[in-house]
Amino acid sequence: MFMKRKRRAFAAIPAAAAGLLLVLAGCVAAPSDQTASTPESPGTLVVGMTTVDIPNLDTGLSLNQGAEGMRFVGLSLYDGLTKWDLSDGGSLPTVVPGLAESWEANDDATEWTFFLREGVSFTDGTPWNAEAAAFNINRYVDEESPQYFPELNATAGIYVGGMVRAEVVDDMTIKILARGPQAALPESLATIPMGSPSAIEELGNEGFAAAPVGTGPFVFERMSRGQELVLTANEGHWNGAPEVETLILRPLPDATSRVAALRSGEVDWIESPTPDDVVALSGAGFQAYTNTYDHAWVWMFDTTKGPLADPLVRQAANYAIDRESLAETILQGTAEPLRQLAPKGNFSYRDSNDVYGYDPEKAQELLAEAGYPEGFSMALSYPTAGSGNMQPQAMNEALQRDLAAVGIEVELEPVEWATMISSHHAGKIPGDADAINFAVSFDPPTFWRIFLGPGSPINLAKYDNSEVVSLVDQAELTLDQDGRGDIYASVAELVTADAPWLFVVSDLNSRVVAPHVKGFVQPQSWFVDLTTVSVE
C-alpha cells in the first residue's frame, strides 16, 4: 500500500474487472530481408505517429495533437505526481506513485495532500520539491499565480478541471484544493506533466517549449518542426533508465506513408495502420498489437437543433447503423461495436447497457413516431486524421450509407485535425454543423462531467439531464473505484437511452512494430510505457 491513511482511509485504486482482450502480437512469420528490415541503429527506436506535426513540447501543451501527443511527448519528457501502471495488458491500468510517493484526501475529497518523492531532480539540476510541484500545478490552474499560463490551461483544462490551486505544506508536501469533490484526482494527475521551474522562468513559455526540461525517462535532444523529434535516455531517471538510448518521433499523418516507412525500415513502429495493411504486415513478420481501451468513436449530436432535439430521432440513428459490419469489414477486427456510452475498456462498462443493435426497421418506426417519416437532412463535421480517429473518411461514408437507407441524409464536412481539435477544445462544432465526429474517453473520470455536464464547453451535444448531473456529483464523492464504477454505469444507462451521441465503435488501439522491437506490453490504455522497449 502506498497511500497514507489519516482522515478517510482508502486503498490504492484497484483494477476493475476487464474482459479478456486481444494482444495479437507476435512474429506471425519469420522475418526475412524481403519483409521486415533490420534497424539501422540498435538502441534507437523510431516511431511513426499519426499526428500532423510534432506535438508542443511544453508539458500539458503536448495535448495540442490529442492524446497521442501526451502518449509520446508529454509522458516521455516529464513525469506526473502519479502515473499509470501499464505493465499488464490483461487488466485495466491502475494509478501508482510517480513524483508523489503517497497521498490522502479529506472526508469530502475537496483537499488532497501529496507526499513527494525525495532525491529527484529535473535534468537541469533543479531539485524536485514542494515549491516545484506547486509551481507546476498553479501554472495550469491558478489565475492569481504569477506563473499561470492561459494557453496551458486552455489546452490541458479537460484534465485539470476542478483543481483550484496547490499550496506548499513543507519542503516535500503539497496540498491541492478543488472546487468540489474530486475523488478521482490521482487519476487526473497521471497526465499533468511537471516541467523545471528554473527553465520555465529563465526561458519563458515560448523558450521552454523549444528547450523543454523535465524529470521524465527521456531528455530533449533536438527537433525539426514537422519532421522529427529526437529524445535521449535519461540515465539518471528515478525509476531507472529506459532500455533504448534514443527515441525518435516522426509525424506521418498519412496511413499509407506510415506503412511504407515501416516496411522500408525508416521507422520501427507505427500507430493506427490501415486495417488491410495489418494483415499483410503480420504475414511479413511484423508484430501487430491490439487491445481494448477506454475509447469511444462517436458522433456528438447538437441536441438543440431541429430533429436532433428529439430523443426518438437520435435513438433511430443509433438503430440505423451496422456497427458489426463496420468493425468486421472496413476495420477488419481492429475495433469492436459500441452499443452504449461506456466502452468495454472503462470500469463503468456493464453489458446490460448494450442497447443498440442493427435494426433499420425499428429506426424507421422511431422516425415516423417522431414526425419524420420521410427522414431529414443534417451535416457532420469530421476530422481527416489525428489521434484516436482511426479511418474517419471510410467509416463516415459507411455510416452515411446506413443512415440514408432510413431517410437520414448526411452531408460530410471534412476538417483538418489541428482545426478540429482547436474547435473542439473551444466548445465549437466546425462550420456550425449539426454533429461532430470525435474520439473520446472517460479516462480520467473528470471527463464524465466535462462531456456530459450542462454548461461545459466540451459538452458539444449541449446535453442536459439533471439526473445524470446528480449521479456524477455522487461519483465525485466516492473514493472507492468499484463504487464509483457502479454509479457511472447508471450514468451510462441514462445517457445511452437519451442518445445524445451516435455510439459507433471502440478502437482496439492497433499498432505494428518491427520484429527487432522487443519488450513492449500493449496495455488497455491510451498511453504506453516505452521504458521497457528495446531494439535489437
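Parameters and conventions
Residues numbered from 1 in each chain as written. Predicted model: local features only at pLDDT ≥ 70, side-chain atom pairs only at ≥ 80, totals over all residues. Heavy atoms only, no water. pLDDT = per-residue confidence, 0-100. Contact = heavy atoms within 4.5 Å. Patch = residues over 30% accessible without salt bridge, like charges linked within 9 Å, V, L, I, M, F, W, Y side chains within 5 Å. Areas by Shrake-Rupley, 256 points an atom, 1.4 Å probe, with all protein chains shown as cover. Salt bridge = Lys/Arg side-chain N within 4 Å of Asp/Glu carboxyl O. Lys, Arg positive; Asp, Glu negative; His and termini not counted. Charge placed at Lys NZ, Arg CZ, Asp CG, Glu CD. Helix = DSSP H or I, 4+ residues; strand = E, 2+ residues; numbered from the N terminus. Buried < 20%, exposed > 50% of the residue type's maximum accessible area, 1.4 Å probe, protein only. Expected span 1.5 Å × (residues − 1). Bend = angle between axes of the 7 residues up to and from the residue.

**Student:** It is not clear to me how the confidence of the model for the protein chain should be interpreted in this structure. Could you clarify?
**Tutor:** Any segment with low pLDDT has predicted coordinates that should not be analysed in fine detail. Mean pLDDT over the protein chain stands at 91; residues scoring 70 or higher make up 93%. Predicted confidence for residues 1-34 stays below pLDDT 50, and this span has 81 contacts to residues more than four positions away or in other chains.

**Student:** I would appreciate a short explanation of a negative patch on the surface in the present structure.
**Tutor:** Together, Glu-118, Glu-131, Asp-170 and Asp-171 line one region of the surface with negative charge. With respect to the secondary-structure elements, Asp-170 resides in strand S6 (residues 163-170).

**Student:** I tried to follow unusual backbone geometry on my own but got confused; where do I start?
**Tutor:** Leave glycine aside and you will find that most residues have negative phi; peptide bonds, for their part, are mostly trans. Cis geometry marks the peptide bond from Asp-443 to Pro-444; its omega dihedral reads 10°. In this fold, Pro-444 is placed in the loop between strand S17 (435-440) and helix H13 (446-452). At Lys-462, a residue that is not glycine, the phi angle is positive and equals roughly 55°. With respect to the helices and strands, the residue Lys-462 is situated in the loop between H13 and helix H14 (466-475). Look at Lys-462 and you get partly exposed, because its relative accessible area is 48%. You will see that Asn-509, though not glycine, has its phi angle at about 60°, which is positive. On the accessibility criterion, Asn-509 (4% relative accessible area) is buried.

**Student:** Explain helix H5 (residues 197-210) here, please?
**Tutor:** An α-helical segment advances 3.6 residues per turn. Residues three or four places apart therefore align on the same side. In a regular helix each residue adds 1.5 Å, so 14 residues correspond to 20 Å; H5 covers only 15 Å between its end C-alpha atoms and thus falls short of that length. Of all bends in H5, the biggest is about 115°, found at Gly-204. All of the buried residues along H5 are Pro-197, Ala-199, Ile-200, Phe-208 and Ala-209. On the buried face of H5, the contacting elements are helix H2 (130-141).

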